[in-house]
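Residue strings, one per chain:
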Amino acid sequence: MSNRANFGSKLGVILASAGSAVGLGNIWRFPYEAGNHGGAAFIFIYLGCVLILGLPILIAEFLIGRHSRANTAGAYQKLAPGTHWRWVGRMGVLAGFLILSYYSVVAGWTLEYIFEAATNAFTGKSADDFITSFQQFSASPWRPVVWLVAFLVSTHLIIVKGVEKGIEKSSKIMMPALFIIILILVGCSVTLPGAGAGIEFLLKPDFSKVDGNVFLGAMGQAFFSLSLGMGCLCTYASYFGKDTNLAKTAFSVGVIDTCVAVLAGFIIFPAAFSVGIQPDSGPSLIFITLPNVFQQAFGNVPVLAYVFSVMFYVLLAMAALTSTISLHEVVTAYLHEEFRFSRGKAAKMVTGGCIFLGVFCSLSLGVLKEYTVGGLTIFDLFDFVTAKLMLPLGGLFIALFTGWYLDKKIVWEEITNNGTLKVPLYRLIVFILKYIAPITVSLIFINELGLL
Ligand code: TRP
């Protein structure tokens, strides 16, 4: 296994992991979940989930990946040969495949918006126009499908180029650029007329509206946003070097990811309230509010409106790309290493399969709208099953595996790099993995089933 690829530098490690974590989950999914679940109270519970579930499980995934140096299913095979733990890895691969399928639909939308921004299609439109044009676009039977295919093919091309050249290099440029433009947009959004109501929505919690759904939503969002619970960061960690500080890397990724999500909230909600768009308008939220921000904030200087909107959608698409790469890599590495397909062939199977499922997800917002399961369209069903069931369940098992099954010596060696690092919260991390994380995830599930 010594010929396995590696990330080239420490910064590359952090940026590639953060590149996986930061994506549409932060900028698209976080605001609409927060909006659906009442704003500030959801955000507080979300932050709690990141701290007490997210970070420790992130460290656990890292150590499983780096110690085994294998794809996620192979990792359990190596660390727990002949046991059922490998199903945790397999479930992760399946989750990754399903997420990639519907995630690419939204990633495709960002390409449409780059195109619209670049051809000046936003100019002179009102808030209502943006709503109608998004609805028409997303329900159209072919346009979103074309973008979906374009996005998956781009992901495919980077994946076949390999780990260091493809993943690491692209993350190094895109991440800092995205962060800067987000800060500029926050500045624009909070100074719009009537933005105050949006800021209040973000900061003033109303805990009376909190129910089991809010907890499940916040937990699901924490897992989704951190790319957790399905072996994504486990697969990346298998490419880490021996001297990578796992706890510190996990902390950096958590902080970067959470900052981007909260800042995205500060772009979307002040803007939404300013033009009277409902915060609970669901997956369309950022696609109907953001074009407004560009028009209103820079209305007098059309050049700026043009430049910022094109740049923003380009960066959003790139953030999505670093995430789709990580999802694709999990499934590709699994097929390549477990079934001995060549990397190229494995990647083709993943891309083809995701295009197939993605088309159904995309059409379920238009012509296939009537086909629902438990009231959910195919698109919503994929989102629900993965983010709210499979990822937390995966996280629960990862915590149990690391806390109870795995040799304590391995855990200690990996977290402290064989005793060369001082990790002040070591005991707390292990305690959380053993008790707190499994109990919390179980309670949220039991509560959701209505048994509590
Ligand atoms: N975390 C990414 C985002 O926020 C999406 C993502 C990438 C993901 N890899 C994942 C989600 C693994 C869940 C599991 O956009």
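Residues numbered from 1 in each chain as written. Predicted model: local features only at pLDDT ≥ 70, side-chain atom pairs only at ≥ 80, totals over all residues. Heavy atoms only, no water.

Undergrad: How would you summarise the site of the ligand if you had to cite specific residues and measurements?
TA: Residues in contact with the ligand amount to 17 residues; listed here are only the nearest, Ala21, Gly25, Tyr103, Phe224 and Ser227. Asn26 is positioned with one of its side-chain polar atoms (N or O) 3.3 Å from an oxygen atom of the ligand. Here a nitrogen atom of the ligand and a side-chain polar atom of Ser326 are 3.3 Å apart. Contact with the protein chains removes 100% of the 360 Å² of surface that the ligand exposes when unbound. Of all the secondary structure elements, the ones that give two or more residues to the shell around the ligand are α1 (10–21), α2 (24–36), α5 (86–118), α10 (212–225) and α14 (302–339). (Near = heavy atom within 4 Å. Polar contact = N/O pair within 3.5 Å; in protein donor to acceptor, adjacent residues only side chain to side chain. Areas by Shrake-Rupley, 256 points an atom, 1.4 Å probe, with all protein chains shown as cover. Helix = DSSP H or I, 4+ residues; strand = E, 2+ residues; numbered from the N terminus.)

Undergrad: Outline a nonpolar patch on the surface, supporting the account with residue identities and numerical values.
TA: On the surface, a nonpolar cluster with roughly 1000 Å² of combined accessible area is contributed by Leu51, Ile52, Trp404, Leu425, Leu428, Phe431, Tyr435, Ile436, Ile439, Leu443 and Ile446. Mapped onto the nonpolar patch, the elements with two or more residues apiece are α3 (40–68) and α18 (426–448). In terms of residues, the nonpolar patch owes the most to one element, α18, which gives seven residues. As for its position among the elements, Leu428 is in helix α18. (Patch = residues over 30% accessible without salt bridge, like charges linked within 9 Å, V, L, I, M, F, W, Y side chains within 5 Å. Salt bridge = Lys/Arg side-chain N within 4 Å of Asp/Glu carboxyl O.)

Undergrad: Any details on the packing of aromatic side chains? Residues and values, ideally.
TA: With the rule as written, the count across this model stands at 33 aromatic pairs. Aromatic side chains Trp28 and Phe379 sit 6.4 Å apart centroid to centroid with 80° between the ring planes, which places their arrangement in the edge-to-face category. Taken together, the residues Trp28 in helix α2 and Phe379 in helix α16 (residues 378–405) connect sequence positions 351 residues apart. A single burial state applies to Trp28 and to Phe379, both of which are buried. The interplanar angle of 15° and the centroid separation of 5.4 Å between the aromatic rings of Phe401 and Tyr405 together place this pair among those described as stacked. Of the two residues, Phe401 and Tyr405 are both situated in helix α16; the distance of four residues between them amounts to about one turn of the helix. (Phe/Tyr/Trp six-rings, centres within 6.5 Å; stacked < 30°, edge-to-face > 60°. Buried < 20%, exposed > 50% of the residue type's maximum accessible area, 1.4 Å probe, protein only.)

Undergrad: Please give an account of unusual backbone geometry that cites residues and values.
TA: Its identity is not glycine, yet Ser227 carries a phi of approximately 60°, on the positive side. You can see Ser227 is positioned in the loop between α10 and α11 (232–237). At Arg340, a position not held by glycine, the phi torsion is positive, near 60°. Among the secondary structure elements, Arg340 is positioned in the loop between α14 and α15 (343–363). Arg340 gets classed as exposed once you look at its relative accessible area, which sits at 72%.

Undergrad: Go over the nonpolar core, please, and point to the residues and values.
TA: Counting 154 residues, the largest nonpolar core has Ile27, Trp28, Met219, Leu290, Phe312 and Tyr313 as the members making the most contacts within it. Ranked by residues supplied to this core, first place goes to α14 with 18 residues. When residues no more than four places from it in sequence are discounted, the contact partners of Met219 are Cys49, Leu53, Pro392, Val441, Ile444 and Phe445. (Core = buried A, V, L, I, M, F, W, Y, C linked by side-chain atoms within 4.5 Å. Contact = heavy atoms within 4.5 Å.)

Undergrad: Report on the pattern of salt bridges, specifying residues and quantitative values.
TA: Inspection of every chain in the model, using the stated rule, returns seven salt bridges. Two residues, Glu414 and Arg66, come together in a salt bridge whose shortest N-O distance is 2.7 Å. Of this pair, Glu414 sits in helix α17 (residues 408–416) while Arg66 is found in helix α3, placing the two residues 348 residues apart along the sequence. Per residue, the accessibility class of Glu414 equals that of Arg66, and both read buried. Among the salt bridges present, the one from Arg143 reaches Glu112, with a minimum N-O distance of 2.8 Å. Note that Arg143 is positioned in helix α7 (residues 143–161) and Glu112 in helix α5, a separation of 31 residues in sequence. Residue Glu112 is classed as buried on the basis of its relative accessible area, which comes to 2%.

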